[in-house]
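Topology and contacts: notes
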Amino acid sequence: MRIGGLTQVQQLYNSQKKPDVKKKAGTSFADQVQISSLGKDYQTAKTAVANSPDVREDLVASLKERIQNGTYEVDGGDFADKLIKAYGAL
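Residues numbered from 1 in each chain as written. Predicted model: local features only at pLDDT ≥ 70, side-chain atom pairs only at ≥ 80, totals over all residues. Heavy atoms only, no water.

1. Let's talk about the overall build of the protein chain
Stated precisely, the cut-off is as follows: Comment: elements are numbered from the N terminus, with helices defined as DSSP H or I runs of at least four residues and strands as E runs of at least two. Summary of the burial criterion: residues with accessible area below 20% of their type's maximum are buried, those above 50% are exposed, and those between are partly exposed, where the area comes from a 1.4 Å probe applied to protein chains only. In this description, accessible areas are obtained by the Shrake-Rupley approach with a 1.4 Å probe, and a residue is regarded as covered only by the protein chains that are shown.
Within the protein chain, the regular secondary structure consists of four helices and zero strands. Ordered by position in the sequence, the α and β elements of the protein chain form the string α-α-α-α. Residue burial in the protein chain is summarised as follows: out of 90 residues, 0% are buried. Only carbon and sulfur atoms are counted for the fraction: they give 55% of the accessible area of the protein chain, which is about 9,700 Å².

2. Some details on a nonpolar patch on the surface
As a reminder of what qualifies: Only residues above 30% relative accessible area that lack a salt bridge enter a patch, with like-charged residues linked at up to 9 Å and the nonpolar side chains Val, Leu, Ile, Met, Phe, Trp and Tyr linked at up to 5 Å. The working definition used for a salt bridge is a side-chain nitrogen of Lys or Arg within 4 Å of a carboxyl oxygen of Asp or Glu.
A contiguous nonpolar patch, built from Ile67, Tyr72, Val74, Phe79 and Leu83 and spanning about 520 Å² of accessible area, is present on the exposed surface. With respect to the helices, strands and loops of the structure, Tyr72 is situated in the loop between α3 (57-69) and α4 (76-89). Exposure remark for Tyr72: the relative accessible area of 36% places this residue in the partly exposed category.

3. Some words on helix α2 (residues 37-51)
Quick reminder of the rule: To estimate how far a helix should extend, the number of its residues minus one is multiplied by 1.5 Å.
The end-to-end C-alpha separation of α2 is 21 Å, in line with the 21 Å expected for 15 residues at 1.5 Å each. Of all the 15 residues making up α2, zero are buried; the element is thus mostly uncovered.

4. Focus: the confidence of the model for the protein chain
Defined as follows: What pLDDT conveys is the predictor's confidence in a given residue, as a value from 0 to 100.
The share of residues in the protein chain with pLDDT of 70 or more is 71%, and the mean pLDDT across the chain is 83. When the elements of the protein chain are averaged for pLDDT, helix α1 (residues 6-15) gives the smallest value, 67, and α3 the largest, 93.

5. Here's the deal with α3
For α3, with 13 residues, the first-to-last C-alpha span of 18 Å sits near the 18 Å given by 1.5 Å per residue. Downstream of α3 by one or two residues, Gly70 has phi in the positive range, about 80°.

Structure follows, in structure tokens:
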């Protein structure tokens, strides 16, 4: 089997003229971007989340203090229930 017409096909595609885009004198074109209100709301929320702390220091400080004092107690039943719920969510 001989495939010899490939160069001829390429010549046909290359010989097609591209349309001329004529620019009027003194006319300038500029790209424009318009962001929807939903996009603006999303950006505002994203910025708020980025600026918020990852750790709630007040909660962590009270837990650390209770652990160090030995007053922090964990109910085994509650822990088991939460563990089973977390496992079930997978």
